[in-house]
There are 2 protein chains.
Amino acid sequence: MEPEMNVLLVHVKKNRLPDHIVKALFPQFLTVITEPGHLQEYGPGVDVRLVEDVQDLECLRAEVLEVLRQRRIDRIFMPFELGQAQAAFVREYFGIPGIGFTAANALTNKYVMKLRLREAGLPQAPFALAAGVDRIEAAGDEVGWPVVVKPAVGGGSLDVFTFDSAAEARAFAASRDADPIRKLTCPLVVESFVDIRTELHCDGVVDGGEVRFAKASEYFVPVLGHGEQFGSRILPDGDPVAAEILDLHRRAVAATGLESGVTHMEFFQTEDGLLASEIACRPAGGGIPHAVKLQTGVDIWAACLDTALGRAPKTAETETGAGTVAHWYLTVPPGRIVKLTDADQLRQIDGVIDVVANFKVGDSVPTRQNSATAAMLVFARADSLAEVERLHKEIYGAYRVEVSSE
Amino acid sequence: MEPEMNVLLVHVKKNRLPDHIVKALFPQFLTVITEPGHLQEYGPGVDVRLVEDVQDLECLRAEVLEVLRQRRIDRIFMPFELGQAQAAFVREYFGIPGIGFTAANALTNKYVMKLRLREAGLPQAPFALAAGVDRIEAAGDEVGWPVVVKPAVGGGSLDVFTFDSAAEARAFAASRDADPIRKLTCPLVVESFVDIRTELHCDGVVDGGEVRFAKASEYFVPVLGHGEQFGSRILPDGDPVAAEILDLHRRAVAATGLESGVTHMEFFQTEDGLLASEIACRPAGGGIPHAVKLQTGVDIWAACLDTALGRAPKTAETETGAGTVAHWYLTVPPGRIVKLTDADQLRQIDGVIDVVANFKVGDSVPTRQNSATAAMLVFARADSLAEVERLHKEIYGAYRVEVSSE
């Protein structure tokens, strides 16, 4: 069979695709640019090329030029946050259709993102740029203490710092603790700390510049530094907060200029109302895409691939039962797993519709986890908050994990 | 006096600003990023920083981050073609207003430019991308021989090759003559060769996404490999070709997405009508900006600075006399100039309104010249083609230059 098109997949070494997306890539001729030590494995017939750093623009551009000396590239698939702006740059540079640099930058560079959302009038915490660790103090004075500081570029909840005062930021800047931040080659974003009641997220599919599908969900607890119990619940369509979230999401998509792709956006519910936090053009991590699929039949990962390949995404919702889908992260401390609840035991809890196991007994759990790391994910359908509460208790009541230090 | 704003000027080492633009930069606090061996000199109070290669994105980005650790950057001024897309990338990355990457790329990367002009329906010679010297043959087969080949990125008329046939391109690719092309880190654009009757240009000022000012001109002879006699004449506003040029220019500006800046666009007049060639977002080289200023009072260089700094450009035309302004390049072979016509002698020719001397007796003229290199530029006002002919003969009749090999 003649390949439908030549697709270039770009990702940093740590990123891995869901299995069904790897399979869906194969009707195309696949070229991959990634880094030495990449976790994703590819079968025969895939041209896998390694570069030192996918996020180095010149490095990536030079390798893509080498690929183009061998074959045409019709589309670039880049469903992860790290390197997404670089892949978009390469698209534009070589005239390859798909998400361009301006949108990808606004959807990965938190400072530029916040500028665009502010211009569009979305409610946000006050923020400022700090070009280096020595500039946090001035930025904090501008936005008001306490502050949350994070690199402008980089996925996930790692490398996030909070400072209560100018003195604390100054002491940090003078200390060795700041060395990793000093080495960063991107600026920092300094945001005024807001008192968060709950955190919410919205996951969508955009095509032709319009939001074709979106679901609002509420996390059980705030994401940053969450404890052992974590997860989120899709809000019913009639929920007034969901309606507000969907409106903010639609405006954020317009503000970033995203024409086609999938989104994951986060929100803070505060005493003064909803605030937009961040928006990304990639599927959410953890169990969110699976929860959305169970609830609506819409496969956000498939939509991500379809939009990247210039195909219309499938966004029609199928009727899949009463209530909405919630999912729970069964977290695990670092070490080697010696005991773990059996997935089948969790499946017997009333309302549970699926369990996904990421780790098994004998696996080694890394020290550096992100907010989506879990030994298992439990998905259940619930038609009330009381039902969510009941499931929450039963699931965590049944969960047992033991690790040994290695 | 408090500086109005902090301006970062970026340019490769060979580029030089007109003196009045250097002066106009000084009310701002000026930071310059350029390369070792830069020709432009700066006075005290300017923070001049050298990087190995302004066109290396990572290199430029890292240096801008260093600047931001010292001070805010309000605007980036980048009025030259080489490095313009890189400067635009840096603007977007750090959230600095001004020309963004998508527009700058479409206005400097000839392949992407031609894609955008084609999408907008502008008439052009057939073209294709060749990612390397070995791909010229396939691209030529696609667009039709003979072909003109040039690097997709890079200013001026240097490094342009023509091939009559696939065999000739193949022989070139196998030869040592192709070594400089092999070393290029950008792709090539392969265009079908068109039989050019005359070449034309259009020079404009764009603000708020609209063309605020534009003048169409006709070169005396085609630009590429022009001989000793070269120059151009601004077309009268009522000229039908001028009207067509102005319309194509307006559509090209829209196609590239340029919101604010100045343009220089080139056209081919062929047996089958006008073809768009290339459009740049910088002032033209040689005597064109001065000719436009003499004719209309509009200073394209000042408009370039104004738009870069977010100020409204001055585009109102002043009445400056009858006829239109033409200008002639008094070219000079490489070597040391031992004899050169006196500018005052040229000023006495009837109709001549200005003479600009770039070289004087004793100066050394480089071997590698571009299409705008000239010992002197002569500007005259003429109200008919016959008058242009008469001036042409008198000017070149009076011009004498002698060089000695060094």
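Residues numbered from 1 in each chain as written. Chains lettered and ligands numbered in written order. Predicted model: local features only at pLDDT ≥ 70, side-chain atom pairs only at ≥ 80, totals over all residues. Heavy atoms only, no water.

Where an unreviewed UniProt entry is consulted, chain A appears under the name ATP-grasp domain-containing protein, with the organism given as Glycomyces terrestris.

Draft legend 1. Inspection of the overall build of chain A at higher detail. For chain A, the helix and strand inventory stands at 13 helices and 19 strands. In terms of overall size, chain A behaves like a compact globule, its C-alpha atoms giving a radius of gyration of 21 Å where 406 residues would be expected to give roughly 22 Å. Once the C-alpha set of chain A is aligned to its principal axes, its extents read approximately 60 × 55 × 50 Å. Out of the 406 residues in chain A, the part that is buried amounts to 55%. Long-range pairs, those at least 24 residues apart, make up 64% of the contacts in chain A between residues at least 6 apart in sequence. Seen as two clouds, the 40 positive and the 57 negative side-chain charges of chain A have centres 3 Å apart. (Helix = DSSP H or I, 4+ residues; strand = E, 2+ residues; numbered from the N terminus. Rg over C-alpha atoms; globule rule 2.2 N^0.38 Å. Buried < 20%, exposed > 50% of the residue type's maximum accessible area, 1.4 Å probe, protein only. Contact = heavy atoms within 4.5 Å. Lys, Arg positive; Asp, Glu negative; His and termini not counted. Charge placed at Lys NZ, Arg CZ, Asp CG, Glu CD.)

Draft legend 2. Broad picture of the sheet that holds strand β18 (residues 376-382) of chain A. All names here are of chain A. Reading across the sheet, the eight strands line up as β13-β12-β9-β10-β11-β14-β18-β16 and stay open at both edges, with antiparallel pairing between neighbours. Strands with a single pairing partner mark the edges of an open sheet, and in this sheet they are β13 (273-280) and β16 (352-357). Strand-to-strand twist across the sheet, computed as the mean angle between neighbouring axes with direction ignored, equals 25°. Alignment of strand β11 (residues 229-234) against strand β14 (residues 324-330), held across five bridges, turns out to be antiparallel. Pairing of Arg233 across the sheet is with Ala326, part of β14. Along the sheet face, helix α10 (residues 288-296) touches β9 (198-207), β10 (210-219), β11, β12 (261-270), β14, β16 and β18 and points at about 155° away from the line of β14. (Pairing = 2+ DSSP bridges. Axes fitted to C-alpha atoms, helices over the stretch in contact; angles between N-to-C directions.)

Draft legend 3. Layout of the domain arrangement of chain A. Domain assignment breaks chain A into domain 1 (6-97), domain 2 (126-192) and domain 3 (198-404). Centre-to-centre, using C-alpha coordinates, domain 1 of chain A lies 32 Å away from domain 2 of chain A. (Domains from an automatic or database assignment.)

Draft legend 4. Spotlight on helix α3 (residues 84-93) of chain A. Residues and elements named next belong to chain A. Of all ten residues making up α3, ten are buried, and the element is well covered by its neighbours. When α3 is considered as a whole, its buried residues turn out to be Gln84, Ala85, Gln86, Ala87, Ala88, Phe89, Val90, Arg91, Glu92 and Tyr93. Just past α3, the residue Gly95 takes up positive phi, approximately 70°.

Draft legend 5. The environment of His249 of chain A, seen in detail. Position of His249 of chain A among the secondary structure elements: in helix α9 (residues 240-256). For His249 of chain A, the residues in contact, after removing those within four places along its chain, are Cys202, Gly204, Val211, Ala214, Thr263, Met265, Phe267 and Ile279 of chain A.

Draft legend 6. Focus on the interface of chain A and chain B. Listed per partner, the contact involves 32 residues of chain A and 31 residues of chain B. Interface of chain A and chain B: buried area, both sides summed, is about 2700 Å²; carbon and sulfur atoms make up 53% of it. For the pair chain A and chain B, the number of links is zero salt bridges. Our count for the contact surface shared by chain A and chain B stands at 15 residue pairs in polar contact (both at pLDDT 80 or more). Of all the elements in the fold, those that place two or more residues in the side of chain A that touches chain B are α2 (57-70), α3, α4 (101-106) and α5 (110-119) of chain A. Per-element accounting of the side of chain A that touches chain B gives the leading share, seven residues, to α2 of chain A. For the side of chain A that touches chain B, a count of residues per class yields 16 nonpolar, eight polar and eight charged. (Buried area = accessible area lost by both parts, 1.4 Å probe. Salt bridge = Lys/Arg side-chain N within 4 Å of Asp/Glu carboxyl O. Polar contact = N/O pair within 3.5 Å; in protein donor to acceptor, adjacent residues only side chain to side chain. Nonpolar A, V, L, I, M, F, W, Y, C, P; charged D, E, K, R; others polar.)

Draft legend 7. Spotlight on the pattern of salt bridges. Within the structure shown, the criterion is met by 50 salt bridges over all chains. A salt bridge links Lys110 of chain A to Glu81 of chain A; the nearest nitrogen and oxygen atoms lie 3.7 Å apart. Here Lys110 of chain A is found in helix α5, whereas its partner Glu81 of chain A is found in the loop between β4 (75-77) and α3, with 29 residues between them in sequence. Each member of the pair, Lys110 of chain A as well as Glu81 of chain A, is classed as buried. With a shortest N-O distance of 3.3 Å, Glu317 of chain B and Lys215 of chain B are connected by a salt bridge. A residue pair is termed long-range when its members are at least 10 positions apart, and Glu317 of chain B in the loop between α11 (300-308) and β14 (324-330) and Lys215 of chain B in strand β10 (residues 210-219) qualify at 102 residues.

Draft legend 8. Region of the structure containing the UniProt feature "domain: Cyclic nucleotide-binding" (unreviewed entry) in chain A. The feature "domain: Cyclic nucleotide-binding" (unreviewed entry), as given by UniProt, occupies residues 205-245 of chain A in the numbering adopted here. When the span residues 205-245 of chain A is considered, its composition is 15% helix and 46% strand, and the gap between its end C-alpha atoms is 15 Å. (UniProt positions renumbered as here; feature names shortened; annotations may be inferred.)

Draft legend 9. Quick peek at the pairing of strand β12 (residues 261-270) of chain B. Residue and element names in this part refer to chain B. Across the ten residues that make up β12, a large majority, ten, are buried. As judged from the nine bridges shared by strand β9 (residues 198-207) and β12, these two strands associate in the antiparallel manner. The residue bridging Cys202 from the neighbouring strand is Met265, located in β12. Hairpin remark: β12 followed by strand β13 (residues 273-280), antiparallel, with two residues in the connecting loop.

Draft legend 10. Focus on the packing of aromatic side chains. A full pass over the atoms with the stated rule returns 24 aromatic pairs over all chains. Connected via pairs of aromatic rings, a cluster forms that spans Phe89, Tyr93, Phe94 and Phe101 of chain A together with Phe89, Tyr93, Phe94 and Phe101 of chain B. The ring of Tyr93 of chain A has Arg61 of chain A lying over it, and the distance from NZ or CZ to the ring centre is 4.8 Å. (Phe/Tyr/Trp six-rings, centres within 6.5 Å; stacked < 30°, edge-to-face > 60°. Lys NZ or Arg CZ within 6 Å of the ring centre and 35° of its normal.)

Draft legend 11. Quick peek at the packing of helix α2 (residues 57-70) of chain B against helix α3 (residues 84-93) of chain B. Residue and element names in this part refer to chain B. Interaxial distance between α2 and α3 falls to 10 Å at its minimum, and their mutual angle equals 45°. The angle between the axes of α2 and α3 places the two elements in the oblique class. The element α2 and its partner α3 pack so that their crossing is right-handed. Along the contact surface, α2 presents Leu57, Leu60, Arg61 and Val64, while α3 presents Gln86, Ala87, Phe89, Val90 and Tyr93. Tallied by class, residues from the contact of α2 with α3 come to seven nonpolar, one polar and one charged. (Parallel < 35°, antiparallel > 145°, perpendicular 65-115°, else oblique. Left-handed = near helix turned anticlockwise from the far one by under 90°.)

Draft legend 12. Up close: the sheet that holds strand β17 (residues 364-365) of chain A. All names here are of chain A. A sheet is described by the order of its strands in space; here three strands give the open sequence β17-β15-β19, paired in antiparallel fashion. Each having just a single partner strand, β17 and β19 (401-404) make up the two edges of the open sheet. Note: strand β15 (residues 335-340) against β17, two bridges, orientation antiparallel. Bridge pairing in β17 places Gly335 opposite Val365.

Draft legend 13. How the structure looks around the environment of Val262 of chain B. All names here are of chain B. With respect to the helices and strands, the residue Val262 is situated in strand β12. When the C-alpha positions of Val262 and Glu387 are compared, they lie 30 Å apart, and in sequence the two are 125 residues distant. Excluding its chain neighbours within four sequence positions, the residues that come into contact with Val262 are Gly204, Val205, Ala280, Cys281, Arg282, Pro283, Ile300, Ala303 and Cys304.

Draft legend 14. The relation of the copies chain A and chain B, seen in detail. Superposing chain A onto chain B takes a rotation of 180° plus a shift of 0.0 Å along the axis, which leaves an RMSD of 0.0 Å. Both copies of the chain, as the preceding transformation shows, are related through a two-fold rotation axis. The fraction of interface residues of chain A whose copies in chain B are also interface residues reaches 97%, indicating that both copies meet through the same surface. (Least-squares fit on C-alpha atoms with pLDDT ≥ 70 in both.)

Draft legend 15. View of the side chain of Thr270 of chain A. All names here are of chain A. Along the chain, Thr270 falls in strand β12. Of note is the side chain of Thr270, whose polar atom sits 2.7 Å from the backbone oxygen of Gly273. Not counting the four nearest positions on each side in its chain, Thr270 is found in contact with Val194, Asp195, Arg197 and Leu275.

Draft legend 16. Broad picture of the side chain of His264 of chain A. Residue and element names in this part refer to chain A. Its place among the elements puts His264 in strand β12. Given a relative accessible area of 6%, His264 falls into the buried group. At 2.6 Å, the side chain of His264 forms a polar contact with the side chain of Asp203. Ignoring sequence-local partners within four residues, the contact set of His264 consists of His201, Cys202, Asp203, Tyr219, Glu278, Ile279, Ala280, Arg282, Ala284 and Ile288.

Draft legend 17. Representation of the environment of Arg212 of chain A within the structure. All names here are of chain A. By the secondary structure assignment, Arg212 is in strand β10. The spatial distance from the C-alpha of Arg212 to the C-alpha of Gly140 is 38 Å, given a sequence separation of 72 residues. Discounting residues that sit within four places of it in the chain, Arg212 has contacts with Val205, Val206, Asp207 and Thr315. At a separation of 3.0 Å, a polar atom in the side chain of Arg212 contacts the main-chain carbonyl oxygen of Asp207.

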